[in-house]
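# Chains, contacts and geometry: an overview
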Amino acid sequence: MCHALLGPFAFGDNVNFVVGNNGSGKSAVLTALIVALGGKAQATNRGSSLKGFVKEGESSADVSIALRNRGEDAFKPEVYGQTITVDVRISSEGLRTYKLKSRNGQIVSTKKEELVAILDHFNIQVDNPVSILTQEMSKHFLHSKSEEDKYKFFMKATQLEQMKEDYKHIMKTRTYTKTAVEGHEEARLLDELKRKYQEKEERYKSLSSIDTMNKKLEDLQHHMAWALVTELENEMKPVKDNIENDEKFTVKFDQKIEEWKAKVEEIELRYKQNQERLDQVSVQVDQLQPQCAQIKSQVQERRNDVKKAEVRLTCLRCFTSHELLDLEKDKEQLTKRIDELKFSQATAADSQKRMEKLRQLQGQLDAKTFTDSTLGQQIDQFQTAVATSKDELDKMRREEQDIQHSVSSKERNLRAMENSRNSHIRRFGENMPALLAAVDDAHHRRQFRRKPLGPLGFCICLKDPELAVAVESCLKSLMLAFCCDNHRDEALLQSLMSRYFKDKRPQIIVSEFTDKRYNVEERAVHHPEFPTVLQVLEIDDPVVSNCLIDMRGIETILLIKGKKEARRVMQSGHPPQNCREAFTKEGDQVYANRYYSSDVQRALYLSGDLEEEIRHLRVALENQQAHMHRYKQHIQEVEADIRNNSALLKTAYDNRKNVKVLPTDHCPFSQIQLFGRRFWNAQLNISTFTSLCVCACVVQEELSKNDQELEKCKHHRKHFEDKRKVHLSKIQELKHSLQQKEKEVKSAIVKATQICPERLEVKRTAKSLDSEISRLKGKISAHQEQQGDRDVIIRYVLLGNSQETACGAQPFCLFFCRYLSVRCKYYFNATLSQRGYKGRMTFDHGREALSISVQPGEKEEAVLNDMRSLSGGERSFSTVCFVLSLWAISDAPFRCLDEFDVFMDMVNRRLSMDMMLKLASSQRYRQFIFLTPQSMSSIPENNLIRILRLNDPDRTQTTLSFGQTQ
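Residues numbered from 1 in each chain as written. Predicted model: local features only at pLDDT ≥ 70, side-chain atom pairs only at ≥ 80, totals over all residues. Heavy atoms only, no water.

For the protein chain, an unreviewed UniProt entry supplies the name Structural maintenance of chromosomes protein 6 and the organism Denticeps clupeoides. As recorded by UniProt, the Sequence similarities (unreviewed entry) comment attached to the protein chain reads in full: "Belongs to the SMC family. SMC6 subfamily." (UniProt positions renumbered as here; feature names shortened; annotations may be inferred.)

This is the structure:
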């Protein structure tokens, strides 16, 4: 060969055209195919020895062929896989080596016997011209004038020649055997043959038991077929029952949904009414707001005046009772003195003395009056200071108690966190480990039907530690809650909790345990930026996730770290779909119309860094203890102030008692009455405004409650709607499963009817029947191995009884020849008729000759001509018809034709091509390879037709490379 590299060629599954100019290597492809598949060099008609196929100057030539190995008739599929690769190397000395590889490239064998077995298995005949018609063989057939050559071609194509050769070999062996038997060992051989015949005859008689077992096996197979049908029908019954029960249960879901819908409508109506009331009250409050502020300031002033008047009144009442008698005495003395003065006839000097004394008395009266007024002011100040200090002291003592409670709580939390270094569960309370141990013990003693789960905060993990405060603010008391499967387990768990939690026990949620998580895709929030609480939690147990979905709706709550972002997302007028609320990372709760700040500073249960939390808690505890110490010092200072002011107040009271003159310039009783009237008038106005404010608060609280109830009712309604949807989908799945079962039953009935047309009543299971069938098959197989092949024994006995000789095979071979020749004639005339030709094939099996006559014209008077008298195109067309008729009566996995249309005109070429493509289309399981120098541009490429074009040969060489002499 003169080609350094050809291919690789990726042949299609059906029709392949290898197109190229002369010298491009078309025929080399067929030569490589024949040689690689074990053909002789003479079969290629291109050389007498294999070494002639190695390019000059090269040491070897390599050919690789991939054979498809699929389907039920695959050759050793467990070894080779779906592809068998045949690698052949031809050395320059003419030696040929094989490598048979599996699909993954592993070498399975290097023996030619393995290749022969593969070719026999797939019926590949490389030396058969029907399988591979080379260019030389085609030319030889076209130019052949001998009828004997045509007959040999027919015999070789139909493998009758091989059958004939085998028959001759058998006859020769028979003659040799007969001669040996008739010789000196005739007696011994006859005895041996008789003994073998008797053994075969005995085995033949024992075959009746095998027939009985085969009959029983067939009966079991009939029962097996209908047993499978019965089992499938039995499997359908519980599915039908489940569908009926579920469809009845759907009504309950509809009732629940309608009930919650009615509640939602009722609450929405109440909410609307309260909103209208709130709007009315808000208008009145806005109108009275300025007047209320003014009245409040007046009330404060009047309250101060009343307090001062009450203080003065108290002072007056203190000394009035003691000095009233003294004043009465003074009054009597003054009266007597006046009377004396009236009747006395004193002199002018006496009158002057009296006037002087009156001035002195008036001065003393003025001085005492001033002193009394000063002492009254001091008493007012001291009383106000003492009252203010007492109020401040009461307030500080209440705050001290709050701080003390906070310190105690932080100390407990600090102890729990320090103890949780070795046990994380201690974060949830000092008594929580003991409770869980009691639950485990009760579970081991099988007191619980299903072991309770909890605390729920211990069963979840955070993906983002920054959101710990937000999640705890969202779940709140659910962090410590437990979940039970039934009310019996709940009662037992409550009794266990009562041992360890005296005051406040964790919440218990009763919900049936399930291993399947809720499908919340439709009702959950799907936001591109922010996750839901469900998405940031890692929850292994579906019971925990389902419980949090039911109790808190964590699939509808967003977590937004920033406050501004939370307000933008939730309160911009269009909150995300299905979103009820959101939480910031500080724990603030954000609704669509309101915002609640959180007082939680640190996460108690979900924080990731325990030591950091302990450090923060210690710092907070130290700060609060220092604050507590400062508070105690301040309380002591206030108490000292109260004691000092009380002492000063007592001193002022004592000093005032020494004052004997009662102020006469103003009356405290009339002032108190005046201030009281003004105070109560202002208080009446304030009470009107206050009543409106209280009414507004009540309405707002009702609105808040209505809002919560509305959210709760909507949640329950959506919960039952989702459950109903899941329930309906389950019913649809059951119906679909029932339909599949019905199809399987119908298919099984069809198969069973094919095996046994009459239905059998089967009481045994398919599994027991299958085991008995396997056992019976094994028994039959063992019996056959012991007795030998049944067909061989019967044939041996029948041949022995009939005493037939091998000469009877001669008519059998003749029968095959006549049968195939008749089929060949039929297909030959059928293909010729497509061109309007008529033909006749005459077989002479005795003379081993074949004559072919073709009538190109369409007229009836045209005579049949021998193929030698036809034109080149007509002869080529007739040859194609003959090859197609041989294809119809022979079998091969692939067929190759080399330059079949070289002598055809355009009409015959087109018609021949259509005929071959039509045949190939009807035999899509076969592969066709046509080699032609034509361009085949008129043939469209599709999934059935593939055109492979070869490169033009190198024509640059101008001098032949003959050897030069010195």
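## Quick look at the pattern of salt bridges
Applying the stated criterion to the full structure yields 21 salt bridges. As a salt-bridge pair, Lys725 and Glu522 come within 2.3 Å of each other at their nearest N and O atoms. Note that Lys725 is positioned in helix H16 (residues 668-755) and Glu522 in the loop between strand S9 (508-510) and helix H12 (533-536), a separation of 203 residues in sequence. Ionic pairing is found between Arg568 and Glu565, a salt bridge with its closest N-O pair at 2.3 Å. Placement of the pair is Arg568 and Glu565 together in helix H14 (residues 563-570), with a separation of three residues, close to one helical turn. Relative accessible area serves as the criterion here: at 32%, Glu565 is assigned to the partly exposed category. Three or more residues joined by partner-sharing salt bridges are found here, namely Lys216, Glu772 and Arg775. (Salt bridge = Lys/Arg side-chain N within 4 Å of Asp/Glu carboxyl O. Helix = DSSP H or I, 4+ residues; strand = E, 2+ residues; numbered from the N terminus. Buried < 20%, exposed > 50% of the residue type's maximum accessible area, 1.4 Å probe, protein only.)

## Quick word on helix H11 (residues 487-500)
With 14 residues, H11 should reach 20 Å at 1.5 Å per residue; the first-to-last C-alpha distance of 20 Å fits that figure. Every buried residue of H11 is accounted for by Asp489, Glu490, Leu493, Leu496 and Met497. One side of H11 carries all its buried residues, which in axial view fall inside an arc of 125°. Exposed and oriented more than 90 degrees from the buried face of H11 are His487 and Arg499. Buried residues belonging to H11 abut helix H9 (432-444), strand S8 (482-484) and S9. (Expected span 1.5 Å × (residues − 1). Arc of directions from axis to C-beta. Contact = heavy atoms within 4.5 Å.)

## A few points about the nonpolar core
Counting 51 residues, the largest nonpolar core has Ile460, Leu475, Leu537 and Leu548 as its most contacted members. Those residues within four positions of Leu537 in sequence are excluded, and the remaining contacts are Ile460, Cys461, Leu462, Lys463, Val471 and Leu548. Residues Cys817, Val854, Leu911 and Met936 belong to the second largest nonpolar core, which totals 45 residues. (Core = buried A, V, L, I, M, F, W, Y, C linked by side-chain atoms within 4.5 Å.)

## Section: the sheet that holds strand S12 (residues 581-583)
Across the sheet, four strands lie side by side as S11-S12-S13-S14; this open sheet has mixed pairing. With one partner strand each, in any of the chains shown, strand S11 (557-559) and strand S14 (595-596) form the two edges of the open sheet. Where S11 and S12 come together, three bridges link them in parallel fashion. Bridge pairing in S12 links Leu559 to Phe583. (Pairing = 2+ DSSP bridges.)

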